[in-house]
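Here is how the chains run, residue by residue.
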Amino acid sequence: MFTYATRTTTTTRTTTTRTTTKRASLFCLRKFVSFEEGARKREESSSRASFSGRMAALVQDEDVDANRNNTTTTTTNTTATKKKNKKDEQEKKKGPTPAPKHTRKYGAPMTGYQLEHGAKLMAEDSPFASLNLKEAMKSGAAKGVRCRQHVNPLSQKFSAPSRTPDWAAIFKEPVKPMTIDVGCGGGRFPLAMAQRFRERNFLGVDVREALVERGEKWGEFAEVSENVAFAAGNCTVSLKPWLDDYNENNRDEKRRGKVELVCVQFPDPHFKRKHWKRRVVQKQMVDALASGLEEGARVFLQSDVKEVAEDMRDKFEKFGNGKFVVDESLHGNEEVIFEADAPDISDWEGEEHEGFVPTWYKKGWLKENPLGIPTEREVQTTNEGQPCFRVMLVRT
């Protein structure tokens, strides 16, 4: 009996212990679940708050961008309005665009005045109106050309002399005296000269082949192709063989007229000192003209850049070996010249100058073009109110 009672008590205690343990485990589980659920809820709440913050920031950024776009649009509209008003005011004004006060350098971007200048060259009051080149462009007989304004004459393409022209083929009457226009550009000068002086032949030379080809077409349209021709080449290296051939063949029975005038007008200035060697007038050209021209032939130099005109004049004095002098028949009249600046002696103190000091500056510059026909650049320069620096030399 005692033993049974003991076993019963032990069994009851064991059961109670198990029940208590089970309840404690369930309590802990509920607490853990409650903790996990709370953590999950807190995380969701934080995520919602973060998302709301991001959305608010995004909306704010969109508002800033919208304000910025509105500001930019307003500024753009204001600028466009100002430009339109300025353009309207310019259109209301009568007359052409005012010419700039200073001479532009070669290679400067085209301006409104330069575009007007191109149209003026085709106008009825232009010095070249008699050529009727405007009709040539309209009819398609000649088209506008696009070419480089600056060309390096020292490049391999232009380093060798160009093929000598067939004088009998390019001129109907080779016995006429010939004028060579070095760097003829658009070619209006030799064309107008050929039209006015039918008793002479004119040869325009330029390194840009497109201008040479158009010059030939213009000559045919203007009906002056019998006494004007164009050739592509670098005169610095080509003049000597050309003149040698011309003079050599001039001794046969089919005698040709002598070269009476060579013009170098408004050449590319090549302002940078390291590019001065690219200028067309070099010792090589002076030597070619000194040996290839007959006594009495003339050389006409002019530029709208004073330093370039001085450089050409001084090189003929330095390298001409006394075979050239300033034309006293023109420069001897004080009414037709203006004073030239004296050179800076310090510029001529180097050993390479061999004691040479320029003296021709004392003869001054010619006020007017003695040939009577201007070049395109000369028309533009005088219309701008800028001076041209001219000198006429004579082969002795």
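Every chain's residues receive numbers from 1 upward, in the order its sequence appears when written. Predicted model: local features are reported for residues with pLDDT of at least 70 only, side-chain atom pairs are reported and counted for 80 or more only, and whole-chain, interface and lining totals are derived from all residues. The side-chain values count all of the structure's non-hydrogen atoms but skip hydrogen atoms and water molecules.

A cavity, in this analysis, means grid points on a 1 Å lattice covering only the protein atoms where a 1.4 Å probe fits yet has no way out; a pocket is instead an open set bounded by protein on both sides within 12 Å along at least five of seven lines, and a residue lines either one if it has an atom within 4 Å of a point. Grid points are joined across faces, edges and corners, and a volume is the space filled by probe spheres set on the points. Taken as a whole and judged by the stated rule, the model has one cavity of 30 Å³ or more. What the largest cavity holds in volume is close to 40 Å³.

So, on to the packing of helix 8 (residues 283–292) against helix 9 (residues 306–319). Two elements in contact, helix 8 and helix 9, have axes separated by 9 Å at closest approach and are oriented at 60 degrees. In terms of their interaxial angle, helix 8 and helix 9 are classed as oblique. The element helix 8 and its partner helix 9 pack so that their crossing is right-handed. Along the contact surface, helix 8 presents Lys283, Val286, Asp287 and Leu289, while helix 9 presents Lys315, Phe316 and Phe319. In terms of residue class, the contact of helix 8 with helix 9 is built from four nonpolar, no polar and three charged. Axis definition: a line fitted to C-alpha atoms, over the contacting stretch in the case of helices. Angles run 0 to 180 degrees between N-to-C directions. Every helix listed is a DSSP run of H or I at least four residues long, and every strand listed is a run of E at least two residues long, numbered separately from the N terminus. When describing relative orientation, an angle under 35 degrees is termed roughly parallel and one over 145 degrees roughly antiparallel, while 65 to 115 degrees is termed roughly perpendicular and anything else oblique. Take the far helix as your reference; a near helix turned counterclockwise from it by less than a right angle gives a left-handed crossing, and one turned clockwise gives a right-handed crossing. When checking whether two residues touch, look at their non-hydrogen atoms; a contact exists if any pair is within 4.5 Å. Following the grouping adopted for this structure description, the nonpolar residues are Ala, Val, Leu, Ile, Met, Phe, Trp, Tyr, Cys and Pro, the charged ones are Asp, Glu, Lys and Arg, and the polar ones are all others, Gly among them.

Moving on, we get to the pattern of salt bridges. Whenever a carboxyl oxygen of Asp or Glu lies within 4 Å of a side-chain nitrogen of Lys or Arg, that contact is scored as a salt bridge. According to the stated counting rule, one finds 15 salt bridges in the structure shown. A salt bridge links arginine 377 to aspartate 304, with the nearest nitrogen and oxygen atoms 2.9 Å apart. Highlighted residues: arginine 377 in helix 11 (residues 376–383) and aspartate 304 in the loop between strand 5 (298–303) and helix 9, separated in sequence by 73 residues. Per residue, the accessibility class of arginine 377 equals that of aspartate 304, and both read buried. In this structure, glutamate 328 engages lysine 363 in a salt bridge whose closest nitrogen and oxygen atoms are separated by 2.6 Å. Remark: lysine 363 occurs in the loop between strand 7 (337–338) and strand 8 (365–366) and glutamate 328 occurs in helix 10 (residues 328–331); sequence separation between them is 35 residues. When a residue's accessible area, from a 1.4 Å probe over protein chains only, is under 20% of the maximum for its type it is buried; when over 50% it is exposed; and in between it is partly exposed.

Moving on, we come to helix 6 (residues 209–221). In this model helix 6 runs 19 Å from its N-terminal to its C-terminal C-alpha over 13 residues, within 8% of the 18 Å that 1.5 Å per residue would give. Of all the positions in helix 6, only Leu211, Val212, Arg214, Gly215, Trp218 and Gly219 are classed as buried. One side of helix 6 holds all its buried residues, which, seen down the axis, span an arc of 165 degrees. Relative to its buried face, helix 6 has exposed residues pointing more than 90 degrees away, namely Glu213 and Glu220. Buried residues along helix 6 sit against helix 3 (133–139), helix 5 (188–196), strand 2 (201–206) and strand 3 (228–232). By this rule the span expected of a helix is its residue count minus one, scaled by 1.5 Å. This arc corresponds to the set of directions leading from the helix axis out to the C-beta atoms.

This part takes up the state of the cysteines. The disulfide criterion is simple: two cysteine sulfur atoms within 2.5 Å. One pass over the full model with this rule turns up zero disulfides. Considering cysteine sulfurs only, cysteine 184 is the nearest to cysteine 235, which forms no disulfide, with 8.6 Å between them. A relative accessible area of 4% places cysteine 235 in the buried class.

All right, on to the nonpolar core then. Here, nonpolar core refers to any group of buried Ala, Val, Leu, Ile, Met, Phe, Trp, Tyr and Cys residues whose side-chain atoms link them within 4.5 Å. If you look at the biggest cluster of nonpolar residues, it comprises 43 residues, and the most contacted ones within it are Ile180, Val182, Leu203, Leu289 and Phe316. By size, the runner-up hydrophobic cluster in this structure holds 29 residues, among which are Leu121, Leu131, Leu191 and Val379.

Moving on: helix 9. Here helix 9 contains 14 residues, and its C-alpha end-to-end distance of 20 Å stays within 8% of the 20 Å for a straight helix at 1.5 Å per residue. By the criterion of burial, helix 9 is predominantly enclosed, with eleven of the 14 residues buried. Every buried residue of helix 9 is listed here: Val308, Ala309, Glu310, Asp311, Met312, Arg313, Asp314, Lys315, Phe316, Glu317 and Phe319. Tucked into the core, helix 9 has its buried residues touching strand 4 (259–265), helix 8, strand 5, strand 6 (324–326), strand 8 and strand 9 (389–395). Asparagine 321 occupies a position one or two residues after helix 9 and carries a positive phi of about 55 degrees.

Glancing now at the layout of surface pockets. Where empty space is left in the structure can be found by rolling a water-sized probe over the atoms. Considering only enclosed or pocket space, the second largest pocket measures out at about 770 Å³ in volume. Taken together, 25 residues make up the lining of the second largest pocket; nearest its centre are Trp276, Asp311, Asp314, Asp347 and Trp348. Here the lining of the second largest pocket takes nine residues from helix 9, the largest share from any one element. By residue class, the composition of the lining of the second largest pocket is seven nonpolar, two polar and 16 charged.

Another aspect to go through is the environment of glutamate 368. Secondary-structure assignment places glutamate 368 in the loop between strand 8 and helix 11. Between the C-alpha atoms of glutamate 368 and cysteine 388, which are 20 residues apart in sequence, the distance is 8.3 Å.

With that settled, the discussion passes to the pairing of strand 9. Among the seven residues in strand 9, seven count as buried, and that is most of the element. Residues Phe389, Val391, Leu393 and Arg395 point to one face of strand 9 and Arg390, Met392 and Val394 to the other, with burial holding for every one of them. At least two bridges found by DSSP between two strands are what make those strands a pair. Here six bridges tie strand 5 to strand 9, and the two strands are oriented antiparallel to one another. Following the sheet pairing, leucine 301 is matched in strand 9 by valine 391. Bridging between strand 6 and strand 9 involves three bridges; their strand directions are antiparallel. Each bridged residue has a counterpart across the sheet, and for valine 326 the counterpart in strand 9 is leucine 393.

Of all six residues making up strand 5, five are buried, and the element is well covered by its neighbours. Pairing between strand 4 and strand 5: five bridges, direction parallel. Bridging across to strand 5, valine 264 finds its partner in leucine 301. Think of it like this: strands point away, you trace from the first strand over the helix to the second, and a clockwise trace means the crossover is right-handed. Traced from strand 4 through helix 8 to strand 5, the parallel crossover comes out right-handed.

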